[in-house]
Structures are given as structure tokens and as C-alpha cells.
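The chain contents come next:
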Amino acid sequence: MRVKRYFRYLLFLSLLFIIALANVREVNAMNTGFQVIPLPTGEKTDFATNVNIQLISEEPPKQPIVCFDVNDNGLIAIGQKTSHPSKICVYSSEGIFQYGYTFECVGNFYVEWDKETINIYFVRDDVIVSVNPSGKILDVCRVDATDENISFKKILSQNTQKTVKETKYYIRNHLGIFNLFASSYSQMVIQDGSGTENIIYDVNSKQYVKMVVTAIIVCAFVVVAVVVVSRQFTHTRERFSCVKQK
């Protein structure tokens, strides 16, 4: 009897150990700077369907940079936010397009390398998705509302430079006074150990033209509004004067 009880006790402990090990593996399946909570299978499937991540093998037209990250092999993931869809494009350190993804995203997103895998953090949903170079979704997790996660989110949102093996990678604008109004970045620059800079991604000219056109439209609108209001004020004052004289 004692032997059977002892055997059952060992079996019970073994099962607990296996379950605990499985849970640890599930939690640590995604390597990220965030503290994450695994989502149920149904929610993972629904979210993956909604964001509709698609692999692209041809380089799309370059757009302003909203986020980036660099892995240990010097591959650069550049996030581009457009009206539809959002994009992440991967480039070599020489600026040669490798592959990319398109996906649906309402609000901001950030990108994070996990060796050869890319993590896409959807800010509005507080969900992070792990995608391999073939475009396959490996995992979908919830980003927990902790102080550590809030701090890491801030780091990602303010990330404009990264150093890998003595090589500095950074994003910038070169738009003159319009730098003050830019919400994205127009150039990806690589600086080697000797200080030599190489611009591998550049939409500065296109962004400058957009900024100038926008400024002209805004100025024209303000001028028209001032003229209309001024004329209306003058007309009202003249009518008031005529009524007062009568």
C-alpha cells in the first residue's frame, strides 16, 4: 500500500512539473522587452485575422519612418505608417531591400527584433505579434499594464538611434524649419566606427515638398479666413453706423 501511495505521489509531482514546464515555455515563447500574457487560441486567431499580416518580396515606395530596430546581423526593420496599409520593410546595412510585411493597424505601432524574428507591437490594442521572415505568425500575446511595460513602451516611442557592434544606426529629419513640425523621420543613417555616415534610406525631398505644400495651403486658408472675417466685421460696422445715424 505504501509503495502504491509513494508511486502515486511521484506521478502526481511529475504531472505538476510537466504542466509547470509547459506553462513556462508558453510564457517565454516570445522573446521581447515587454512582460506579456499569452492569449487564448481563439483570441490569437481573431487578432491575426484582423491585422492580416502579408509578406512582401518587392520593395514598395519608400514612406516616412515611424519606428525602427536593428538586429545583431545588421538587418534594419523600418516601420512605415501610411493611410492603408501599414508596412515594415527589412533592409541590409547597405540599404538593400530584403523583405517586408503589410498589415492593418489603427493607431501607432513599434517594431522589435528577436534574433531573426520581428515583434510588432500594436499600441492601441496592447498586443504584440511575433512574425518570422516567411510572414508566419509565431505567437500573439497581450502586453500587461505594468510600470515596466509603460517604461519600455516609452523607450520604443523615443528610439531614434541604436548601436550594434560599434556601428551607429539612427533616424533623422533634414527639413530645416519643418523639423519642428515633423511627426516622422525622413532618413536612415549608418555611421561606422570612424564617423563616416551613409544614408541608406531617404525620403527627405518628398517630405520637404509635402511640408511646403501643406504650409502654403494652411497659410492660404488663414489669409482667406482673415479677409472674410475682416470684410464681415467691416460690413457689420457700416450697417451699425447707418442704423445709428437714422
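Residues numbered from 1 in each chain as written. Predicted model: local features only at pLDDT ≥ 70, side-chain atom pairs only at ≥ 80, totals over all residues. Heavy atoms only, no water.

Visitor: Where do I start with the sheet that holds strand S14 (residues 197-202) in this structure?
Guide: Backbone hydrogen bonds are what pair the strands of a sheet, in a parallel or an antiparallel way. Taken in spatial order, the four strands make up an open sheet running S11-S12-S13-S14, and their pairing is antiparallel. Every interior strand has two partners, whereas the edge strands, strand S11 (161-164) and S14, have only one. Averaged over all pairs of adjacent strands, the angle between strand axes in this sheet comes to 20°, irrespective of strand direction. Where strand S12 (residues 167-172) and strand S13 (residues 187-191) come together, five bridges link them in antiparallel fashion. (Pairing = 2+ DSSP bridges. Helix = DSSP H or I, 4+ residues; strand = E, 2+ residues; numbered from the N terminus. Axes fitted to C-alpha atoms, helices over the stretch in contact; angles between N-to-C directions.)

Visitor: Hey, could you run me through the pattern of salt bridges in this one?
Guide: Any two side chains of opposite charge can pair, so long as their charged atoms come close to each other. If you walk through the whole model with that rule in mind, you get five salt bridges. Note that lysine 62 is salt-bridged to glutamate 59, the shortest N-O span being 2.7 Å. Lysine 62 gets classed as partly exposed once you look at its relative accessible area, which sits at 24%. In this structure, lysine 162 engages aspartate 69 in a salt bridge whose closest nitrogen and oxygen atoms are separated by 2.8 Å. Here the residue lysine 162 occupies a position in strand S11, and aspartate 69 occupies one in strand S3 (residues 65-70), the gap between them amounting to 93 residues. (Salt bridge = Lys/Arg side-chain N within 4 Å of Asp/Glu carboxyl O. Buried < 20%, exposed > 50% of the residue type's maximum accessible area, 1.4 Å probe, protein only.)

Visitor: Before we go on, may I ask you to explain the environment of isoleucine 190 in this structure?
Guide: Summarising the element assignment, isoleucine 190 is placed in strand S13. Residue classification places isoleucine 190 among the buried positions, given a relative accessible area of 9%. Each C-alpha atom, one on isoleucine 190 and one on lysine 168, is 5.8 Å from the other, the two residues being 22 residues apart in sequence. Beyond its immediate stretch of four places on either side in the chain, isoleucine 190 contacts Ile76, Ser93, Thr167, Lys168, Tyr169, Thr196, Glu197, Asn198 and Ile200. (Contact = heavy atoms within 4.5 Å.)

Visitor: Where do I start with the confidence of the model for the protein in this structure?
Guide: Low-confidence regions, as indicated by low pLDDT, have predicted coordinates that should not be scrutinised in detail. Confidence along the protein averages 81 in pLDDT terms, with 67% of residues attaining 70 or more. Across the protein, strand S8 (residues 117-122) holds the top mean pLDDT of 98, while helix H1 (residues 2-27) sits lowest at 44. In the predicted structure, residues 9-28 sits below a pLDDT of 50 and forms four contacts with residues beyond four places in sequence or in another chain. (pLDDT = per-residue confidence, 0-100.)

Visitor: Looking at this model, I keep getting lost on the side chain of serine 92. Mind explaining?
Guide: With respect to the helices and strands, the residue serine 92 is situated in the loop between strand S5 (86-91) and strand S6 (97-103). Apart from the residues lying within four places of it in its own chain, the contact partners of serine 92 are Gly74, Leu75, Ile76, Gln98 and Ile200.

Visitor: Can you walk me through the side chain of threonine 117 in this structure?
Guide: Its place among the elements puts threonine 117 in strand S8. Classification of threonine 117 as buried rests on a relative accessible area of 13%. With residues near it in sequence (within four places) discarded, threonine 117 still touches Glu112, Ser130, Val131, Asn132 and Leu138.

Visitor: Which parts of the structure should I look at to understand unusual backbone geometry?
Guide: Outside of glycine, negative phi angles account for most residues, and trans bonds account for most peptide bonds. In this structure, aspartate 126 takes a positive phi of about 55° despite not being glycine. Inspection of the secondary structure assignment puts aspartate 126 in the loop between S8 and strand S9 (127-131). Here aspartate 126 falls in the partly exposed class, since its relative accessible area comes to 25%. Even without being glycine, glutamate 166 reaches a positive phi, approximately 70°.

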